[in-house]
Every structure is written in C-alpha cells, then in structure tokens.
Amino acid sequence: MSGQYLGLFFAALLFLWLGSKRVDTDKKPLFCYSIVMAVVVLCPVTAWVLLKYQTAFYTYSHLFLLIPMVLVLAWGMTEGTERALEYLPGQPERAGFARKYRKLCEGVALFLCAMLLMLAGTVAPAAEPTARTENDSKMPSEVLEVLCTLETMENVNLQEEVLLAPDEVLEYARAYNGEFRLLYGRNMWIPELNAYTYDTYLPELQEIHTWLNPFNDPFRTMIPKVVEENMTPAQGIRSIAESGCTLLVLEGAQYENAEVRNALDQADNFVYLTETDEYVILQKRK
Amino acid sequence: MKKGNGKKSTNSIVVQYPVICLVAALLILFQIIWNFYMHEPYRGVDITTETVQTILREGYQYQVNPMTGAPYTVGVPTRLKILVLPYVYASICKVTGVSPQTLLYEWVPMLVLLLSYFVYSRWAVYLFPENQKKQCIFMLLVVLAYQFGSYTSITDSFLVFHSGYEGAAIRAAVLLPLALLFCLKGKWISAAICAAVELCIVWTTYGLGYVALIMAVVAACKLARRNFEKRRAA
C-alpha cells in the first residue's frame, strides 16, 4: 500500500472546495487550475492529446507532474490543521493551561498529517532500489577497483584500447573516466538510451553481449537467456578478438570455467594482465 | 531597508515557532545526507555523467558518443545538442576542478532540493501572506510530502532525491511550481523565462514543454473566471 497521494490530493481539493468561501479570490485560479489539470490528465481523451503534445518519448505517468500535488496537499492540510483547532475550547491568546493544551493539539494535528502522508506515500527511501554509497565515485567497490586498476596500469593506454567487460563494469566506465573507449555502451542493454544517438550495433556485438552476460535480463530472474542460442566459449572468444576489443574483463568465475580457459588457451589472442578480487583483466596480444 | 525587514521576518519566524522550524530543518538535513551522501543516484536512462566526462575529455562538441567514447558514425540528434545542462556542469567542473561525480551526485541535487524548498517558501508567503504560523506549517508539510512521496520514479521528490542533477528533476521541483506561481501572480514574462529554461534543460522532443502548457491552462482558467464574474455581475 503506497502511492496514494492522488487520493489525498482529491481529498484536499474537496476540503478546500467545501471551505472555498474562506479562500481568497486571488487564490481561486490555483484551485481552478488544480481541478482542471487533474481532470485533463485523468480523462482519457484529453490525456491522449497531452500524450501527443509531450511526444512518445515520455509516458503517461510523466503527465502527473503537471498536477500540483505537493502544493495542494500542503495547502489543504495547513488549512485543515488550523480549522480543526478552531473547534477547540480556549482562546489562542490566553496564557496558561488552555494555551499549552492548544499547542499540544497542534502538535497532534501535525503528527496526524505526517502519518497520513506516510501511509499514503512510502516509508521506503525509493521506489527503485539504489545501493548504499561505498565510495566518492558512487559505484560498487569491485567495479571501482577494476577501473582504477585499468586507469593506473603502465602498459595500458586507455586512449588506444577498446574495453569489453560485463555490464556492471561497463555501466560505470564512461561515467568514471571519459578516456575509456568501450566496444558498446549502456544502450546495448537499455534500449531507451538509443534515443540519444542514431548509431546502432551490429548483430555480432549483440551476440557477444549475450555471451558475456548470460544472466543479464531486465527482470533479474537469474535464468540464462535462451542458452541454446548462445555462442560456445570458443566462438565467443574468437568473436571478441575479431570485434576490435583490446581489453577484456571477465568475471573471476567465468575465467575459471574450464571451457573458457581452454578457448582462451587455444585462441591465444588474449594474455593475462592482472586481476582484482572479482574480475580478471586480459589484454589482446599485440 | 527591504533586506533588513526580510531578515527580521525570518528571525521572528524561527523565534516564534522554533519546534516546527527545527523539525523541518532536521528533515531537510536528513534528506540531504541520506540521499546525496549515503546512497547512489538512480541513473536509469540518463547519460548526463557520461556526457559531462566526454565534454571534459573531448571538448564542447558532440563528435564522440558519450556512451562508448567512439566517434559517431551516423550522428547525434540535434535535440541532444541543444541541451545546455551538461555544458554547464562540465564548465563548473573545469573551473572549480571538482569531479563530475561530486558535482552531479552531491552538490547539484542538494542545490536543487534547497531551491525547490525556496520556491515553496514563496508559495507559503503567497498562500498565507499575513500568517507566519501557517507559512511554517505549510513548509513542514511540504518537507514531509517530499520525504514520503518518492513512491514512483516520476514523482518530483523521487526525481530530486535520486537524480537531482537531471533536467527533469529541476523542472519538476523548481520550474513547474515557480512558473505556476508566476502565472498566478500575472508575471507572464517571468513564466515565459521559465519555459525557455525548460527547453534548454529538458529534452522536450521538439515540443513546447510543460511550463508552456501550465501558462496556457492558467490563462484559460483566469479568462473563464473573468467571463463568469462578468456574467454574474451583469
């Protein structure tokens, strides 16, 4: 049960409408705007027009940003708190017990508002999982270790190398350092990012991506993607060598796989460079 | 004189309602530390950091794909080139020497969050001009609504807390409420400036953006209301 702000928004609007005689004339356009915008966004016909207006790049849910939800919620609750206190006995200007009693009631009213917002919203810090910060670069430590190693190695010239690694490493490489050149970018596994470029990837690169990231799927089901269609390790290593990749990062477990080791030994294209706790770094033989 | 009055007014609010102000301030502090310093941002389908790194490395021209670092073969959409935000961030990084990660994931979201609360404080003054207590309560409720409101990835608080450096977050948390306030006050030129800013920081895909829509709806509401009042008077 989370995400009921829209319900609270309508409750706040209803409350403000019921007490609209008290609302100043110059505030009424805000009231009108809130109702009109909510209706326009919720009505299928007008929402369709708005979807056309904002273009297909954005989804229907983006339209809800047009409704001044936080504003109306806070406005309605502020008015509600004040009006609820009007029913209390005792005058606000009086000192002593009545005044203290009133302040206590104010505190309770605010606490109830906070509870209402909490119940209608979420106590979770985010709808999408975001990891705890492990370092200043805001990336997983094991990934930072690989990128730092690559950055500082003497026999690696980043400007001349083309890096290929599992998605979790490539995801952060370009954000960490603009000198990294990648065989493919995040738009390989996040298709929405293709909106930022007209360039596309060849099917061979997509096959390499699938081979290197057998468990990569948007729903994190940990079920390998169509395993029977994946390349064999020998084919994978050969394709990688032919693709132009000069720096290859493999997960430790993948590198230890007997088939992959055999394929690497037989192809003899890549030489072991170094390794970190989680990954092994290979460089193409020059 | 005016500045002095404002300072006195702020002081008196803090002195008169210390508990509400303290709770709101502590919550804002918690939001900053928890979201910007203790958690990674939600990058999703955004390439701002890569673009800033690319600009810092390659210069101020879109000749290299930010996602790969390789030169473009087919090219880049013009709509991407007109977004100025990555250029601004890259320039700040260049001038100050601060890393893009620190700027984008910590400083900018913090500034955007504070700017957002500043805009809502103007709303508090607009809605309750003579009542400082209501202004305080309003601000506390805004902070609470932000705190508990990040339940989907498109709410304004989620955008600010988890990707506050994106143009979409600045639009949702600062530009839209500010533009609405300007429209209601009848400051149409200021609202038009907000619309222009939106076009520069958010990819509106050749559209006019949300601020222009808000301006149109508020104008229509005002016109309808005026006509209604006229008819009633007649």
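Nothing here was measured: the structure is a model prediction, and the numbers come from that model.

Asks: Before we go on, may I ask you to explain the environment of leucine 13 of chain A in this structure?
Replies: Residue and element names in this part refer to chain A. For leucine 13, the position within the fold is in helix α1 (residues 5-18). Along the chain, leucine 13 and leucine 73 lie 60 residues apart, while their C-alpha atoms are 8.2 Å from each other. Apart from the residues lying within four places of it in its own chain, the contact partners of leucine 13 are Phe31, Ser34, Ile35 and Val72.

Asks: Please clarify how a nonpolar patch on the surface should be interpreted in this entry.
Replies: Residue and element names in this part refer to chain B. Nonpolar side chains collect at one region of the surface, where Leu22, Leu26, Leu29, Ile33, Tyr37 and Trp107 lie side by side and expose about 580 Å² of accessible area between them. Sort the elements by how many residues they give to the nonpolar patch and helix α2 (residues 18-37) lands first, with five residues. Here tryptophan 107 lies in helix α6 (residues 100-127). Judged by its relative accessible area of 40%, tryptophan 107 is partly exposed.

Asks: Quick question: what am I supposed to make of the nonpolar core here?
Replies: The tendency in soluble globular proteins is for nonpolar side chains to be buried side by side. Core analysis: the largest hydrophobic core is formed by 167 residues, its most contacted members being Leu117 of chain A together with Trp123 and Phe138 of chain B. Per element, the largest residue contribution to this core is 14 residues, and it comes from helix α9 (residues 167-185) of chain B. With residues near it in sequence (within four places) discarded, leucine 117 of chain A still touches Tyr5, Leu8, Leu73 and Met77 of chain A together with Leu141, Leu144, Ala145 and Phe148 of chain B.

Asks: Please explain the pairing of strand β2 (residues 247-251) of chain A as it appears in this structure.
Replies: When a strand is regular, its side chains alternate between the sheet's two faces. Residues and elements named next belong to chain A. Taking burial as the measure, the five residues of β2 include four buried ones, the bulk of the element. Bridge count between strand β1 (residues 163-164) and β2: two bridges; the pairing is parallel. The residue of β2 that forms the bridge with leucine 164 is leucine 248.

Asks: Before we go on, may I ask you to explain the interface of chain B and chain A in this structure?
Replies: Interface extent is often summarised as the accessible area lost during association of the parts. Each partner contributes to the interface: chain B provides 87 residues, whereas chain A provides 82 residues. For chain B, the biggest contributors to the area lost against chain A are Glu40, Phe148 and Tyr151 of chain B; these three give 11% of the whole. Put simply, chain B and chain A have five salt bridges between them. The salt bridge partner of glutamate 179 of chain A is arginine 57 of chain B, with a shortest N-O separation of 4.0 Å. Within the residue set of the side of chain B that touches chain A, elements represented by two or more residues are α2, α3 (48-58), α4 (78-81), α6, α7 (132-148), α8 (156-163), α9 and α11 (210-233) of chain B. The biggest single contributor to the side of chain B that touches chain A is α7 of chain B, with twelve residues. For the side of chain B that touches chain A, the class distribution of residues is 52 nonpolar, 22 polar and 13 charged.

Asks: Explanation requested: the sheet that holds strand β4 (residues 279-284) of chain A in the structure shown.
Replies: Taken together, four strands build an open sheet; the order of strands is β1-β2-β4-β3 (chain A) and the sheet is mixed. The two strands at the open ends of the sheet, each matched to only one other strand, are β1 and β3 (270-275) of chain A.

Asks: How should I be thinking about the packing of α2 of chain B against α6 of chain B in this particular structure?
Replies: A pair of packed helices is characterised by two quantities: the angle between their axes and the separation of those axes. All names here are of chain B. Contact geometry of α2 with α6 gives a least axis separation of 10 Å together with a crossing angle of 150 degrees. Classified by the angle between their axes, α2 and α6 sit roughly antiparallel to one another. Seen from above, α2 lies across α6 with right-handed handedness. Each of Ile28, Gln31, Ile32, Phe36 and Tyr37 in α2 lies in contact with α6, whose residues at this interface are Tyr105, Glu106, Trp107, Pro109, Met110, Leu113, Leu114 and Tyr117. Among the residues making up the contact of α2 with α6, the classes are represented as eleven nonpolar, one polar and one charged.

Conventions used here
- Residues numbered from 1 in each chain as written.
- Chains lettered and ligands numbered in written order.
- Predicted model: local features only at pLDDT ≥ 70, side-chain atom pairs only at ≥ 80, totals over all residues.
- Heavy atoms only, no water.
- Helix = DSSP H or I, 4+ residues; strand = E, 2+ residues; numbered from the N terminus.
- Contact = heavy atoms within 4.5 Å.
- Patch = residues over 30% accessible without salt bridge, like charges linked within 9 Å, V, L, I, M, F, W, Y side chains within 5 Å.
- Areas by Shrake-Rupley, 256 points an atom, 1.4 Å probe, with all protein chains shown as cover.
- Salt bridge = Lys/Arg side-chain N within 4 Å of Asp/Glu carboxyl O.
- Buried < 20%, exposed > 50% of the residue type's maximum accessible area, 1.4 Å probe, protein only.
- Core = buried A, V, L, I, M, F, W, Y, C linked by side-chain atoms within 4.5 Å.
- Pairing = 2+ DSSP bridges.
- Buried area = accessible area lost by both parts, 1.4 Å probe.
- Nonpolar A, V, L, I, M, F, W, Y, C, P; charged D, E, K, R; others polar.
- Axes fitted to C-alpha atoms, helices over the stretch in contact; angles between N-to-C directions.
- Parallel < 35°, antiparallel > 145°, perpendicular 65-115°, else oblique.
- Left-handed = near helix turned anticlockwise from the far one by under 90°.

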